[in-house]
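# Close look at the chain arrangement
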Amino acid sequence: MSGSSFVSWMRSAIGGHRQAGRQWKKASPKSAYDVIIVGGGGHGLATAAYLARDHGYGRIAVLEKAWLGGGNTARNTAIIRSNYLHDYSAAVYDHALGLWSDLSAELGYNVLFSQRGVLTLAHSQHDVRQGQRRVFANGRQGIEAQWLDPQQVAERCPPLDIAAPRWPVLGASWQPAGGVARHDAVVWGYAQMADALGVDIIENCPVTALCSKDGAVTGVETPFGFISAPKVAVVAAAQSAALVQSAGIVLPITAKPLQAMVSEPVKPVLDPVVLSSTVGVYVSQTDKGELVFGAGTDAPVSQVARGSWAVIEDQMAAVVALFPSFSRLRLLRTWAGVVDITPDASPLVGETALSGLFINCGWGTGGFKAIPASGKLFAHHLATGTAHDLLRPFALDRFERGALIDEQRAAVVAQ
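Predicted model only: the values in this text are computed from it and were never measured.

Scoring rules and cut-offs
Residues numbered from 1 in each chain as written. Predicted model: local features only at pLDDT ≥ 70, side-chain atom pairs only at ≥ 80, totals over all residues. Heavy atoms only, no water. Pairing = 2+ DSSP bridges. Helix = DSSP H or I, 4+ residues; strand = E, 2+ residues; numbered from the N terminus. Axes fitted to C-alpha atoms, helices over the stretch in contact; angles between N-to-C directions. Contact = heavy atoms within 4.5 Å. Core = buried A, V, L, I, M, F, W, Y, C linked by side-chain atoms within 4.5 Å. Buried < 20%, exposed > 50% of the residue type's maximum accessible area, 1.4 Å probe, protein only. Expected span 1.5 Å × (residues − 1). Bend = angle between axes of the 7 residues up to and from the residue. Salt bridge = Lys/Arg side-chain N within 4 Å of Asp/Glu carboxyl O.

### Details of the sheet that holds strand S6 (residues 171–175)
Spatial strand order, S5-S6-S4-S14-S15-S16-S13-S17: eight strands in an open sheet with mixed pairing. Strands with a single pairing partner mark the edges of an open sheet, and in this sheet they are strand S5 (146–148) and strand S17 (331–341). On average, each strand axis in the sheet is tilted by 20° relative to the strand beside it, whichever way the strands run. Both strand S4 (residues 118–122) and strand S14 (residues 273–276) contribute to a ladder of three bridges, which runs parallel. The residue bridging threonine 120 from the neighbouring strand is leucine 275, located in S14. Its contacts with the sheet place helix H5 (residues 125–140) against S4, S5 and S6, and it is angled at close to 155° to S5. Contacting S4, strand S13 (254–263), strand S15 (281–285), strand S16 (291–297) and S17, helix H9 (residues 309–322) crosses the sheet at an angle of about 125° to S16.

Structure follows, in structure tokens:
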């Protein structure tokens, strides 16, 4: 990790980066591992890094179908918060928020975590009641949160038109510890950490099927041939359902595109992250000055990472209504990710009916913010065979038991 210090980066920049080496090795797959992690996004890489560091596993492979972090970890708006309604959800996300605070030091890699605060707007009396209920719940959970009146909202966010005719702002919940981070840096930091601990990171290696015998997983099929392992962890977001189905297991996951876009850069104008569940839009400003806009999911079920013009049009209409001055900005680019949505908008983490097969998916629109906690807690389960208390409620069998964790509203965007 010492190669990521400020001095080393300056030396490399002065030399035109001509001497810069690879941040992680280009590994070739071996015939057998102790653990195979399918998916090279933030969750998969964090799991591998903590499994190696905290539990001493020496033969771990991360298999990524394309390039590291090219899926949902890169295709999101990088918002981090923990103000969820239910105790189980709030506990996991607040644990993650605590880990985010020290993540740059832990990885030896600056993930640019900026705790600028998160405003969640209320536009109706129903919104007000829901927002105040969540603030009260967060207080009971030990999470710092406040309810702000319209004038306090205006002071926190001057560009916001609190008297917007279509979407007047009646108040907002405020989580000062929330913020944003740099998604690429998170991937690179965990990849570097895992590689330094001996993890084989194998890109362009799609898993085509899971293999089993006598009720237990035996490994995976890839274009490089069969790779054996007594434990396989599927951490592949929306692709997880199809992959696990090859082993005869059906996951209650729906895949939908989730769009975002970014404007041309401007001088600092927006300090907090601003969310609106009613409008279905969220806005933040990057360190480079670009404004990042997120929207709700597209209505059609799809595995295609490309959104629709209708969602863009509705999103921009909402943004301009809330922030009239932003109407003068030009958009630079748009993108979409494919989110994995469960019926209760909460993740699926834990064991399956096939011995040795584990899943970590269904995070929906909340996956990025959970990366550090998901990786650390899931690694604990893989190593010990026992689910950590914070993740136990998110097991697959909760749908059979009727123990749902309904976070549809707290997810902010319509799922």
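### Describing the nonpolar core
Soluble globular proteins tend to bury their nonpolar side chains together. Judged by nonpolar contacts, the single largest core of 53 residues is most densely connected at Trp100 and Tyr190. Only strand S1 (35–38), helix H2 (42–55), strand S2 (60–63), helix H3 (87–101), helix H4 (103–107), helix H7 (183–196) and helix H10 (367–384) provide two or more residues apiece to this core. Among the elements that take part in this core, H10 stands out by supplying eight residues, more than any other. With near-sequence residues (within four places) excluded, tryptophan 100 lies in contact with Ile80, Val111, Phe113, Ala181, Val186, Phe368, Lys369 and Pro372. Counting 27 residues, the second largest nonpolar core, distinct from the first, contains Val38, Val232, Ala241 and Ile359.

### Some details on H3
For H3, with 15 residues, the first-to-last C-alpha span of 21 Å sits near the 21 Å given by 1.5 Å per residue. Of all the residues in H3, the buried ones are Ser89, Ala90, Val92, Tyr93, Ala96, Leu97, Leu99 and Trp100. Looking at the buried positions of H3, the neighbouring elements they touch are strand S3 (79–80), H4, S6, H7 and H10.

### Thoughts on H10
Taking 1.5 Å of rise per residue, the 18 residues of H10 would be expected to cover 26 Å, and the 24 Å separating its terminal C-alpha atoms lies within 8% of that figure. Its axis deflected by about 45° at alanine 373, H10 carries its strongest bend there. Across the 18 residues of H10, 14 count as buried, placing the element largely inside the fold. Among the residues trailing H10, glycine 385 stands out with phi positive, at a value near 80°.

### Focus on the pattern of salt bridges
On inspection of all chains with the given rule, the structure shows 14 salt bridges. Put simply, aspartate 54 and arginine 53 hold a salt bridge, and the shortest N to O gap is 2.7 Å. Residue class for aspartate 54 comes out partly exposed when judged on its relative accessible area of 36%. What makes arginine 53 partly exposed here is its relative accessible area of 37%. For the salt bridge of aspartate 54 with lysine 376, the shortest nitrogen-to-oxygen distance reads 3.4 Å. Here lysine 376 lies in helix H10 and aspartate 54 lies in helix H2, a separation of 322 residues in the sequence. Within the structure, one salt-bridge network assembled from shared partners comprises Arg53, Asp54, Glu106 and Lys376.

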